[in-house]
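Observations on the three-dimensional arrangement
One-letter residues, chain by chain:
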Amino acid sequence: MKINWERYLPPGMSFKVQGMTLLIGVTLSFGYSLRFLNTYFEQYRILVSEAENAPNNAAIEAFLPMLGPALNGFYMLAAVMLLFSLWNWRYFYQESKSIYLMKRICKKEAYIRILTLPVLTAAAVLGLTGIIFLIYRGIYYGLTPEIYIR
């Protein structure tokens, strides 16, 4: 089943801009989030080397401080996706279009065309953030021996 995304955009607007922004944003945000794995494996390497010398004092940093701002890219992307609703609204007033275009379209359909895709993509990005958070948490607690967790 193919979804007609054009139905959820202002008349004449292409989905390509929002779709490419989402794709580039997810890629950059995921790349930025990988800094958690870099930090974790560096801490784990230090932990293993310290555990050989002083096994009673060795501990790894707690999960949330180690995660730090690694997921902030996804939060910023969700905010950008919500800003597309403002862009969709402004689209009705650009070029030869006028306020009468919005008046010709019923209010319910105008709201659907302005808000649906930005809200859905922001929700999808936040859902993806939750999944990545759970994956990173699983990596942290799955690979770290329990005696080294603070």
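Residues numbered from 1 in each chain as written. Predicted model: local features only at pLDDT ≥ 70, side-chain atom pairs only at ≥ 80, totals over all residues. Heavy atoms only, no water.

Notes on the overall build of the protein chain
A count of helices and strands for the protein chain gives six helices and zero strands. Put simply, the protein chain runs from its N terminus to its C terminus through helices and strands in the order α-α-α-α-α-α. Every one of the 150 residues in the protein chain was classed for burial, and the buried ones make up 32%. Sequence-distant contacts, at least 24 apart, represent 81% of the contacts inside the protein chain between residues at least 6 apart. Carbon and sulfur atoms make up 65% of the accessible area of the protein chain, which totals about 9,700 Å². (Helix = DSSP H or I, 4+ residues; strand = E, 2+ residues; numbered from the N terminus. Buried < 20%, exposed > 50% of the residue type's maximum accessible area, 1.4 Å probe, protein only. Contact = heavy atoms within 4.5 Å. Areas by Shrake-Rupley, 256 points an atom, 1.4 Å probe, with all protein chains shown as cover.)

Looking at the environment of Leu67
Inspection of the secondary structure assignment puts Leu67 in helix H3 (residues 63–67). Separated by 70 residues in sequence, Leu67 and Arg137 place their C-alpha atoms 9.0 Å apart. Every residue in contact with Leu67, bar those within four places of it in the chain, is listed here: Phe36, Phe133 and Tyr136.

As for the packing of aromatic side chains
Per the counting criterion, the structure on display carries 11 aromatic pairs. Ring geometry for Tyr40 against Phe41: centres 5.2 Å apart, planes inclined by 70°, an arrangement best described as edge-to-face. Judged by its relative accessible area of 0%, Tyr40 is buried. With a centroid separation of 5.4 Å and an interplanar angle of 55°, the aromatic rings of Phe63 and Tyr140 are classed as tilted. Of this pair, Phe63 sits in helix H3 while Tyr140 sits in helix H6 (residues 107–143); the two residues are 77 residues apart in sequence, bridging distant segments of the chain. Through pairs of rings, three or more aromatic residues link up here, namely Phe36, Tyr40, Phe41, Tyr44, Phe63, Phe133, Tyr136, Tyr140 and Tyr141. (Phe/Tyr/Trp six-rings, centres within 6.5 Å; stacked < 30°, edge-to-face > 60°.)

Re the nonpolar core
Across soluble globular proteins, nonpolar side chains show a tendency to be buried alongside one another. Grouped together as the largest cluster of nonpolar side chains are 22 residues, with contacts concentrated most on Phe36, Leu67, Tyr136 and Tyr140. If you list the elements that add at least two residues to this core, you get helix H2 (35–53), H3, helix H4 (72–91) and H6. (Core = buried A, V, L, I, M, F, W, Y, C linked by side-chain atoms within 4.5 Å.)

Here's the deal with the environment of Gly31
With respect to the secondary-structure elements, Gly31 resides in helix H1 (residues 16–33). Accessibility expressed as a relative area gives 42% for Gly31, which makes it partly exposed. Expressed as a C-alpha distance, the spacing of Gly31 and Ala70, which sit 39 residues apart in the sequence, is 9.4 Å.

Structural notes on the confidence of the model for the protein chain
Mean pLDDT over the protein chain stands at 85; residues scoring 70 or higher make up 89%. Within the protein chain, H3 carries the highest mean pLDDT (94), whereas helix H5 (residues 99–104) carries the lowest (63). (pLDDT = per-residue confidence, 0-100.)

Quick look at a nonpolar patch on the surface
A cluster of nonpolar residues, Met20, Leu23, Ile24 and Leu28, forms a patch on the protein surface that exposes about 410 Å² of accessible area. Position of Met20 relative to the elements: it lies in helix H1. (Patch = residues over 30% accessible without salt bridge, like charges linked within 9 Å, V, L, I, M, F, W, Y side chains within 5 Å. Salt bridge = Lys/Arg side-chain N within 4 Å of Asp/Glu carboxyl O.)

What about H6?
Taking 1.5 Å as the rise per residue, H6 with 37 residues should run 54 Å; its terminal C-alpha atoms sit 53 Å apart, in good agreement. Helix geometry: H6 is bent most strongly at Leu115, by close to 40°, with proline Pro118 lying one to four residues after it. Those residues of H6 not exposed but buried are Ala110, Arg113, Ile114, Leu117, Pro118, Thr121, Ala122, Val125, Thr129, Ile132, Tyr136 and Tyr140. (Expected span 1.5 Å × (residues − 1). Bend = angle between axes of the 7 residues up to and from the residue.)

Regarding the packing of H1 against H4
Packing of H1 against H4 brings their axes to within 9 Å, and their N-to-C directions diverge by 165°. Taken together, the axis directions place H1 and H4 in an arrangement best described as roughly antiparallel. Crossing hand, H1 versus H4: right-handed. Within the contact between the two elements, H1 uses Val17, Gln18, Thr21, Leu22, Gly25, Val26, Ser29, Phe30, Tyr32 and Ser33 and H4 uses Gly73, Phe74, Leu77, Val80, Met81, Phe84, Trp87 and Asn88. Across the contact of H1 with H4, the residue classes tally to 11 nonpolar, seven polar and no charged. (Axes fitted to C-alpha atoms, helices over the stretch in contact; angles between N-to-C directions. Parallel < 35°, antiparallel > 145°, perpendicular 65-115°, else oblique. Left-handed = near helix turned anticlockwise from the far one by under 90°. Nonpolar A, V, L, I, M, F, W, Y, C, P; charged D, E, K, R; others polar.)

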